[in-house]
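Per-entry structural report
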Amino acid sequence: MKAIGLVSGGLDSSIAVALIRSQGIEVIALNFVSPFFGRKGFLRRTMERLGAEFREVPVGEEYLEIVKHPRFGYGKNLNPCIDCKIFMLQRAKAIMEEEGASFVFTGEVLGQRPKSQMRNTLRLIEKESGLLGLLLRPLSAKLLPPTIPEVEGWVERDALLGIAGRGRKVQFALAKRFGIEEYASPAGGCLLTDPLFCERLKDLLEHGSLTFSEIELLKLGRHFRLHSGYKLIVGRDEGENKALLSLVQPGDVLFFPQGGKGPLGIGRGTARPEDVHLSAQIIAFYTKNGAEKTPILVRRSGGTSEIFEVPKCDTETLVKLRIPKG
Ligand code: SF4
């Protein structure tokens, strides 16, 4: 008997794997990876220790459509949890069929999250993913209608759990019992649940196009929206300056402070002369020097360079343009 498990790096999904493995069932553990969530260095080790085969599954560009237009809406931030789960489970179902596995399971716990883990939502996710009867939630199984794996006796229902709600006491005890030492915090660090990141993402959804490389840019530096067609990104340290350089695209305007320690700036979009000037002033604000004016080298796409001598941008303007505000 073989099953497909979805694992995030969180404690619940690792416990689900341990419970299924403890019934002697072979497990392929899928970890979906996207620019917003995924890759946990320790997860492969944990799965190997539990005797499960570990696979990372990149979500691909189609996932971005879900972020833009979730059929079932967003959670508290820009997290389209219901659509996201359906998306992953549909892929898990395809892998189940390819691998000749018999069912899919997750670490979901009834009532743990306000929107996506309520009884009717769990049912909706199961139906929409095409896994009706074949989706097992081992941590809450005893509180849910029996699934085909339980009815058919592929899985012993009595050895599954009946956990509900946000409490973690039972999970911590089980982690100890199964020797699961490494796990991520609940929500697993998904950026779509991070209010600050979501402010930037909202700005991108309103003014730009959602691509993997634009999302990587949202993770770095300070962001300023000068007008609907142009924004400036400013590195916060050497590491970020370097990372920003690797994300430069044709058409970007680059800003390098001269004569002082300061950040790299990337201007993206349609830069009018006044935008270039204001961007240079913002870079000057973050450049450490005592001078009244700071020389900023401005390099446009096509390779032309020019030096602007500018005063530092005033704080009020800076605060007004910053994403998120403040
Ligand atoms: S928290 Fe993030 S990864 Fe988890 S279901 Fe929601 S959108 Fe998907």
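**A closer look at the sheet that holds strand S4 (residues 103-105)**
Read across the open sheet, the 5 strands follow the order S3-S2-S1-S4-S5; overall the sheet is parallel. Strands at the two margins of the open sheet, each flanked by one partner only, are strand S3 (53-58) and strand S5 (135-136). With 2 bridges joining them, S4 and S5 adopt parallel strand pairing. What sits directly across from Phe 105, in S5, is Leu 136.

**Considering the domain arrangement of the protein**
Looking at the assigned domains, one finds that the protein contains domain 1 (2-190) and domain 2 (194-323). Taken over C-alpha atoms, the centre of domain 1 sits 40 Å from the centre of domain 2. Each partner contributes to the interface: domain 1 provides 11 residues, whereas domain 2 provides 13 residues. Three residues, Pro 35, Phe 36 and Leu 78, lead the burial of domain 1 against domain 2; their summed loss comes to 49% of the area buried on that side. For the pair domain 1 and domain 2, the interface holds 0 salt bridges. Across the contact surface, domain 1 and domain 2 share 1 residue pair in polar contact (both at pLDDT 80 or more).

**Details of the sheet that holds strand S7 (residues 230-234)**
The 7 strands lie next to each other as S11-S10-S8-S9-S7-S6-S12, forming an open sheet whose pairing is antiparallel. For this open sheet the edge positions go to strand S11 (305-310) and strand S12 (322-323), each flanked by a neighbour on one side alone. Across the sheet, helix H8 (residues 195-207) touches strand S6 (222-227), S7 and S12, and the angle it forms with S6 is around 30°. Against the sheet, helix H11 (residues 273-285) makes contact with S6, S7, strand S8 (253-257), strand S9 (265-269), strand S10 (294-299) and S11, and its axis sits at roughly 65° relative to S11, the strand it touches most.

Basis of the calculations
- Residues numbered from 1 in each chain as written.
- Predicted model: local features only at pLDDT ≥ 70, side-chain atom pairs only at ≥ 80, totals over all residues.
- Heavy atoms only, no water.
- Pairing = 2+ DSSP bridges.
- Helix = DSSP H or I, 4+ residues; strand = E, 2+ residues; numbered from the N terminus.
- Domains from an automatic or database assignment.
- Contact = heavy atoms within 4.5 Å.
- Buried area = accessible area lost by both parts, 1.4 Å probe.
- Salt bridge = Lys/Arg side-chain N within 4 Å of Asp/Glu carboxyl O.
- Polar contact = N/O pair within 3.5 Å; in protein donor to acceptor, adjacent residues only side chain to side chain.
- Axes fitted to C-alpha atoms, helices over the stretch in contact; angles between N-to-C directions.

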